[in-house]
Amino acid sequence: MVSKAMATSSTASGKNNQSKVGERYNDDKLKHDIRISNMTAAKKLADTIRTSLGPRGMDKMMVSEKNDVTITNDGATILTKMKATHPAAKMLVELSKSQDIVAGDGTTSVAVLCGALLNKCIGLLGRGVHPTVISDALALACDEACKLTESFAIPVEVNNREQLISAATTSLGSKVVAQYSDILAPIAVDCVRRILDDERPELVDLRDVRVVRKQGGTIDDTELCEGIVFDQKTAKGSSGGVHTVENAKIALIQFCISPPKTDMENNVIVSDYTQMDRILKEERNYVIGLIKKIKATGCNVLLIQKSILRDAVTELGMHYLQKAKIMVIKDVERDEIEFISKTLNLQPVAHPEQLTAEKLGHAKLAKESVCGKSKVVKVTGIENMGKTVSVIVRGSNQLVLDEADRSLHDALCVIRCLSHKQFLITGGGSAEIELSVRLGQWARTLSGMESVCVKAFAEALEVIPYTLAENAGLNPIEIVTELRNKHAMLGNVHEGINVKKGTVSDMRKENVLQPLLVTTSALTLATECARMILKIDDICPVR
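Report on the accompanying structure.

Cut-offs applied
- Residues numbered from 1 in each chain as written.
- Predicted model: local features only at pLDDT ≥ 70, side-chain atom pairs only at ≥ 80, totals over all residues.
- Heavy atoms only, no water.
- Helix = DSSP H or I, 4+ residues; strand = E, 2+ residues; numbered from the N terminus.
- Rg over C-alpha atoms; globule rule 2.2 N^0.38 Å.
- Buried < 20%, exposed > 50% of the residue type's maximum accessible area, 1.4 Å probe, protein only.
- Contact = heavy atoms within 4.5 Å.
- 1 Å grid on protein atoms, 1.4 Å probe; cavity = no way out; pocket = protein on both sides within 12 Å on 5 of 7 lines; lining within 4 Å.
- Points joined across faces, edges and corners; volume = space filled by probe spheres on them.
- Nonpolar A, V, L, I, M, F, W, Y, C, P; charged D, E, K, R; others polar.
- Salt bridge = Lys/Arg side-chain N within 4 Å of Asp/Glu carboxyl O.

### Thoughts on the overall build of the chain
Per the secondary structure count, the chain includes 16 helices and 16 strands. The C-alpha atoms of the chain give 32 Å as radius of gyration, which overshoots the globular expectation for 543 residues (24 Å, by more than 25%). Across the 543 residues in the chain, those meeting the buried criterion constitute 49%. If you take every contact in the chain between residues at least 6 apart in sequence, the share linking residues at least 24 apart comes to 77%.

### What about the layout of surface pockets?
Empty space within the largest pocket amounts to approximately 1000 Å³. In terms of lining, the largest pocket is formed by 46 residues, of which the most central are Pro55, Thr170, Ser174, Gly428 and Val512. Those elements giving two or more residues to the lining of the largest pocket turn out to be α4 (107-126), α6 (161-172), α14 (463-471), β14 (495-498), β16 (513-515) and α16 (516-534). When residues in the lining of the largest pocket are grouped by element, the largest group, five residues, is from α6. Among the residues forming the lining of the largest pocket, the class breakdown is 17 nonpolar, 22 polar and seven charged. Every element with two or more residues in the lining of the second largest pocket is listed here: β4 (209-215), α10 (337-344) and α11 (398-420). With four residues, the single largest contributor to the lining of the second largest pocket is α11. Tallied by class, residues from the lining of the second largest pocket come to six nonpolar, one polar and nine charged.

### What to know about the pattern of salt bridges
Using the criterion set out here, one finds 24 salt bridges in the structure. For Asp405, the salt bridge goes to Arg213, with nearest N and O atoms at 3.7 Å. A residue pair is termed long-range when its members are at least 10 positions apart, and Asp405 in helix α11 and Arg213 in strand β4 qualify at 192 residues. Note on Asp405: relative accessible area 22%, which makes it partly exposed. The exposure class of Arg213 is partly exposed, given its relative accessible area of 36%. For Lys306, the salt bridge goes to Glu333, with nearest N and O atoms at 3.5 Å. Here the residue Lys306 occupies a position in the loop between β8 (301-305) and α9 (315-323), and Glu333 occupies one in the loop between β9 (327-332) and α10, the gap between them amounting to 27 residues. Taking relative accessible area as the criterion, Lys306 reaches 42% and is therefore assigned partly exposed.

Shown next as structure tokens:
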């Protein structure tokens, strides 16, 4: 009897243990499934833009609901335009945006690298490694990778124009407008050098570069302008207008040259012709009074801020401004005021009584000229000009214009990176494969799961050269194996994939260079994103 009771109790306790184990297993299984689901969603999005990596990468055509077409291979633009619905996929979109803000280039690389890290994490989780252990090891490997990258970086002088052009050309090499890199790269370098403050080279504000896009012509016609370019044409009255002014004295006003109006809810009812004549006379006298005050300062070029309440300048005002021989440019946007003030060294005036000769800007020439299908106003020979620059980008159609603008922005960001962190590294996958080899060697000195995770991080870095070879139509396994063998020997740090010749060659001799900040930023941001996704074990809907 006693033995039967013991057997019964042991059986019951065994069932209870089984049920507890089963419950715990189900709970862990749910967390595992959510983790794998998040990683798979982000990895799939990374695989989507993987074909756009490198100089031989494919372009994506994105069509909006309104049938607006965008053709680009810029990672940040593609991911932003795509409607990602999965929360983890949205994190990859934000990752690409962050890379765009920090470095301006490498937006496709950072997403592809994050996808490769997540793929390795899925494998490690399948082997039973705890997510926290993987996360800590990835952070450790990333720190070591950034230190190693700095060790084989090439110092660069900001005044060395040729090196800067090489870096800008590498950035433009993967764009739709790559064949025009010999035109856009020098323009990008000259732009940043003009706005660069030698005392504070790390503070380069690209808002000081004004890009005016004009359809017509080709990208060959893109030019860097001495002075400032206004997208608006000169305002014309009944008898034409003033199109050229020498020894220009420029005023920027934020008030309207038009009669004041009543409030929205009020009306003035006039029933007598004499009263109507009196109102028209008063309006004319008011406008003439404004123009006399403007003319008294010596102003002969007038910039008028756009107004939403009433007309910035009426037909009557234009008539008298033409009589006074004053060139008028109206509809200046509010967000352009700071740039114009800085460039022309003038002060914006909000009230007619405050307009004085000291608040005017001075230039040798203000001239309206034809640019494509429309006109622009160029102001040149500016006295005490601020550290700003204007560029006119030309293109045969709107799609080309948009892509040229995006490509020029990326090139500007690359030069800005070099002014902030004055080091270059070679491209063509050479930096990634060198890091992979060195981290693999370092992983052997570690012990336990750290060693396994660091080794996985090193293998994930090979996705960049593998993808570059794949997109160039080469045999990726053969090329990456050859590359790995060359980097295993000392002195071949700069060996990378030459996609033009289809071989492995010295990227330094080929002038394929990129800023150090682009690579270190991509490594850091991709690792942070992978760690964040890795640590999510549940998705909780909230109101």
